[in-house]
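Architecture at a glance
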Amino acid sequence: MLAATAPIPVHRSHLARHLVRPRGAWVRRAEVVMGVAIRVELWSDDNRQGEAAAAAVLAEMHRIDRAMSPHKIGSEVALINREAARRAVPLSDEMAALIGRALDYARLSGGAFDISGAAALRRDETRRAQRPEVALLAAARSAAGWPQLDFDSGRATLRFARPGLRIDLGGFARGHALDCAAALLRRRGIAHAWIGAGGDLRVVGDRRGRPWRLAIPDARQAGEGAAVAVLPLADVAVAISDGAEREADGEGAQGQPGAGDGGAGRRPPRSVTILAEDGLAAAAWSQAVYALGAERGLALLAAQRGVEAVIVDGDGRLHASAALQPLAA
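Residues numbered from 1 in each chain as written. Predicted model: local features only at pLDDT ≥ 70, side-chain atom pairs only at ≥ 80, totals over all residues. Heavy atoms only, no water.

Quick look at the overall build of the protein
Along the backbone of the protein there are 10 helices and 13 strands. Counting over 329 residues, the protein shows a buried share of 51%. Within the protein, residue pairs in contact and separated by at least 24 positions form 62% of the contacts whose partners lie at least 6 positions apart. Of the roughly 16,600 Å² that the protein leaves accessible, carbon and sulfur atoms contribute 53%. (Helix = DSSP H or I, 4+ residues; strand = E, 2+ residues; numbered from the N terminus. Buried < 20%, exposed > 50% of the residue type's maximum accessible area, 1.4 Å probe, protein only. Contact = heavy atoms within 4.5 Å. Areas by Shrake-Rupley, 256 points an atom, 1.4 Å probe, with all protein chains shown as cover.)

The following block contains the structure:
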């Protein structure tokens, strides 16, 4: 016969520590960085880790803004613009990689995407006056020209082949920031996230079993909620170029409307939405297609892997690449 034993005392706090698992939650942060509203929404099983991850994303955005804003005196882009007409400027590894890809997209798009010259001049003037002088804009356009960017990939240097050039990465830098933020979150174990930066965004994974959804506004209808398409998203980068966004962001000269369907009296597109595998591709193609117009833009994208588009042309007509046509509203 077994002897009776006293019950072992069990503290409620001990049970809670071992039996109750912490509940995950969505973490949301918002801040203005790089001149646009940054929105971060992510899921984390541990709220403190989620908050730290969201804060790290915003810190990364600020880091890239400090390095790549043409308006910050100490930025690498500002240094290039001051010195590259006089000498070959050594580039950081990060900047060299970005310049190399920017020039690749300039070649692929026939110059419709261009980080040089007029973008920087137009942005400065639009901030000082609602309507820059025609002569000044003409001078800015004549100064543009990606072939005049003498980039030595082996030595990682950049020199301007003629005076008057400047570079402005604009939305291309935002695309890079979104790519960096997505990589940062994955390293921290975050599998579901939405990172928005103005008209650009990057999604990591899905929305916990459901796709993220992006509504493309219908400029033909005034009511809120009207959309030409609702796109389901997962693990993709998105960039949107439209007239209002480009005027505010100074990207108009990274691709000149009139190079394609926008010429010959036709109006430039109302909006171009690009889906791509990374933010740099999405940013470059959104600006190039805006410059080329729907017909030429879609023809160019047909030769690119992993790039899809929804375009609302100047007359309000909807155009989409083959994979997205079934999603058009």
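Some thoughts on the pairing of strand S4 (residues 149-152)
Across 4 bridges, S4 lies against strand S5 (residues 157-160) in antiparallel orientation. By the bridge assignment, Leu149 is partnered in S5 with Phe160. The antiparallel hairpin formed by S4 and S5 contains 4 residues in its connecting segment, where Ala156 sits at a positive phi of about 55°. (Pairing = 2+ DSSP bridges.)

Some details on the packing of helix H2 (residues 47-68) against helix H7 (residues 171-187)
Between two packed helices, the angle of one axis relative to the other and the distance separating the axes together describe the packing. Between H2 and H7, the shortest axis-to-axis distance is 9 Å and the interhelical angle comes to 150°. Relative to H7, the element H2 lies roughly antiparallel. Crossing angle aside, the handedness with which H2 passes H7 is right-handed. Residues Ala53, Ala56, Val57, Glu60, Met61, Ile64 and Met68 of H2 pack against Ala173, His176, Ala177, Leu178, Cys180, Ala181, Leu184 and Leu185 of H7. Across the contact of H2 with H7, the residue classes tally to 13 nonpolar, 1 polar and 1 charged. (Axes fitted to C-alpha atoms, helices over the stretch in contact; angles between N-to-C directions. Parallel < 35°, antiparallel > 145°, perpendicular 65-115°, else oblique. Left-handed = near helix turned anticlockwise from the far one by under 90°. Nonpolar A, V, L, I, M, F, W, Y, C, P; charged D, E, K, R; others polar.)

Brief notes about the pattern of salt bridges
Following the criterion strictly, the structure yields 16 salt bridges and no others. Linking Glu41 and Arg207 is a salt bridge whose minimum nitrogen-to-oxygen distance equals 2.7 Å. Placement of the pair is Glu41 in strand S2 (residues 36-44) and Arg207 in the loop between strand S7 (200-204) and strand S8 (212-217), with a sequence separation of 166 residues. Residue Glu41 is classed as buried on the basis of its relative accessible area of 4%. Asp179 is the partner of Arg202 in a salt bridge, and the nearest nitrogen-oxygen pair spans 2.5 Å. Here Arg202, found in strand S7, pairs with Asp179, found in helix H7; they are 23 residues apart in sequence, far enough to count as distant. Taken together, the salt bridges that share partners define one network made up of Arg28, Arg39, Glu41 and Arg207. (Salt bridge = Lys/Arg side-chain N within 4 Å of Asp/Glu carboxyl O.)

Digging into the sheet that holds strand S13 (residues 318-320)
On the basis of which strands lie adjacent, the open sheet formed by 8 strands has the order S1-S2-S6-S7-S10-S11-S12-S13 and antiparallel pairing. With one partner strand each, in any of the chains shown, strand S1 (25-33) and S13 form the two edges of the open sheet. Neighbour-to-neighbour, the strand axes of the sheet open up by a mean angle of 10°, direction not taken into account. Note that strand S6 (residues 193-197) and S7 share 5 bridges and pair antiparallel. Bridge pairing in S7 places Ala193 opposite Val204. Sheet strands in contact with H2 are S1, S2 and S6, and its direction is about 20° off that of S1.

Describing the environment of Leu214
Mapped onto the elements of the fold, Leu214 is located in strand S8. Classification of Leu214 by relative accessible area gives buried; the value is 10%. With 18 residues separating them along the chain, Leu214 and Pro232 place their C-alpha atoms 6.6 Å apart.

Looking at the nonpolar core
Judged by nonpolar contacts, the single largest core of 73 residues is most densely connected at Leu169 and Phe172. With 11 residues, helix H9 (residues 279-292) is the largest single contributor of residues to this core. Filtering out sequence-adjacent residues up to four positions away, Phe172 remains in contact with Leu98, Arg101, Ala102, Tyr105, Phe113, Leu280, Ala283, Ala284 and Gln287. (Core = buried A, V, L, I, M, F, W, Y, C linked by side-chain atoms within 4.5 Å.)

Points about the sheet that holds strand S3 (residues 89-90)
If you walk across this open sheet you meet the 3 strands as S3-S5-S4, and the pairing is antiparallel. Looking at which strands have only one partner, the edges of the open sheet turn out to be S3 and S4.

With respect to the environment of Ala193
Its location among the elements puts Ala193 in strand S6. Dropping the residues within four chain positions of it, Ala193 is found in contact with Glu41, Leu42, Leu185, Arg202, Val203, Val204 and Trp212.

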